[in-house]
Amino acid sequence: VDAVLSSREGRIIRTNVHDPLGRPAEGVWALLDGGCAVIEMAAASGLTLLREDERDPRIATTYGVGEMVRAALDAGAQRLIIGVGGSATNDGGAGMASALGVRFLDGDGRELSPGGAPLAALDRIDISRIDPRARHAEVVAATDVRNPLCGPEGASIVYGPQKGASPDVARELDAALNHYAQVVERDL
């Protein structure tokens, strides 16, 4: 956000959000002249928001990122650039989507708890309540890595340990993300 604002006209926006564990926090993002929002995932769901003993990607959520996206949409942004580094999460953006009205349901139709581990129980995704503005926004993910979602070089195995995952937990999260990807492919 700071780097972009050093070269483009715009302003900092502060939004009440939830941190990776669901506690109140402040998310800082930028609204550029012309209506483009620049959001850093780490501002709401970052590792630096948690003490080392609080890190648990099984339960950490990107919900706060979705709250910043919603605030950007409220401010009139139609293009969003989201920097995806530095997060404490492993939920594949499910928390972010939840904040925008998407529902992640188990086989009994109950909404899943936040975090990466509950995705193993995902049965279906309901987008009927999604914020309609999200359907029309252009979203660009800004990243400096090329890891696939799953597998030995995937997000859970490579980045899980810095987020507090043991090797067993990283494999559990990898399987949950793989299942999530299959449901996304089927439902969306």
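Residues numbered from 1 in each chain as written. Predicted model: local features only at pLDDT ≥ 70, side-chain atom pairs only at ≥ 80, totals over all residues. Heavy atoms only, no water.

K.L.:
What is the right way to look at the nonpolar core in this model?
P.N.:
Core analysis: the biggest nonpolar cluster contains 19 residues, and Trp29, Ile39, Val69, Ala72 and Leu80 have the highest contact counts within it. Listed by contribution, the elements that provide at least two residues to this core are β1 (10-18), β2 (24-32), β3 (36-40), α3 (63-74) and β4 (79-83). For this core, the element with the highest residue contribution is α3, accounting for 6 residues. Aside from chain neighbours lying at most four places away, what touches Trp29 is Val1, Arg11, Ile12, Ile13, Thr15, Ala37, Val38, Ile39, Met68, Ala71, Ala72 and Ala75. Counting residues in hydrophobic clusters, the runner-up holds 12 residues, among them Ala94, Val102, Ile130 and Tyr180. (Core = buried A, V, L, I, M, F, W, Y, C linked by side-chain atoms within 4.5 Å. Buried < 20%, exposed > 50% of the residue type's maximum accessible area, 1.4 Å probe, protein only. Helix = DSSP H or I, 4+ residues; strand = E, 2+ residues; numbered from the N terminus. Contact = heavy atoms within 4.5 Å.)

K.L.:
Would you explain the pairing of β3 in this entry?
P.N.:
On any regular strand, side chains alternate: one points to one face of the sheet, the next to the other face. Burial analysis of β3 places 4 of its 5 residues in the buried class, the great majority of the element. Counting the residues that bridge the hairpin from β2 to β3 gives 3 residues, and of these Gly34 lies at a positive phi of roughly 105°. (Pairing = 2+ DSSP bridges.)

K.L.:
Whenever I open this one, the packing of aromatic side chains confuses me. Can you help?
P.N.:
Geometrically, a pair of aromatic rings is defined through the distance of the ring centres and the angle of the planes. Enumeration according to the criterion identifies 1 aromatic pair in this entry. Here Phe104 and Tyr180 contribute two aromatic rings whose centre-to-centre distance is 6.1 Å and whose plane-to-plane angle is 55°, an arrangement assigned as tilted. Taken as a pair, Phe104 in strand β5 (residues 103-105) and Tyr180 in helix α7 (residues 167-187) lie far apart in primary sequence, 76 residues in all. (Phe/Tyr/Trp six-rings, centres within 6.5 Å; stacked < 30°, edge-to-face > 60°.)

K.L.:
It is not clear to me how the pattern of salt bridges should be interpreted in this structure. Could you clarify?
P.N.:
Close approach of charged atoms allows side chains of opposite charge to pair. Applying the stated rule across the entire model yields 15 salt bridges. Among the salt bridges present, the one from Arg110 reaches Asp108, with a minimum N-O distance of 3.2 Å. Here Arg186 ties to Asp187 by a salt bridge, and the two come within 2.7 Å at their closest N and O atoms. On the accessibility criterion, Asp187 (28% relative accessible area) is partly exposed. A cluster of three or more residues bridged by salt bridges with shared partners is formed by Asp19, Arg23, Arg51, Asp53 and Glu54. (Salt bridge = Lys/Arg side-chain N within 4 Å of Asp/Glu carboxyl O.)

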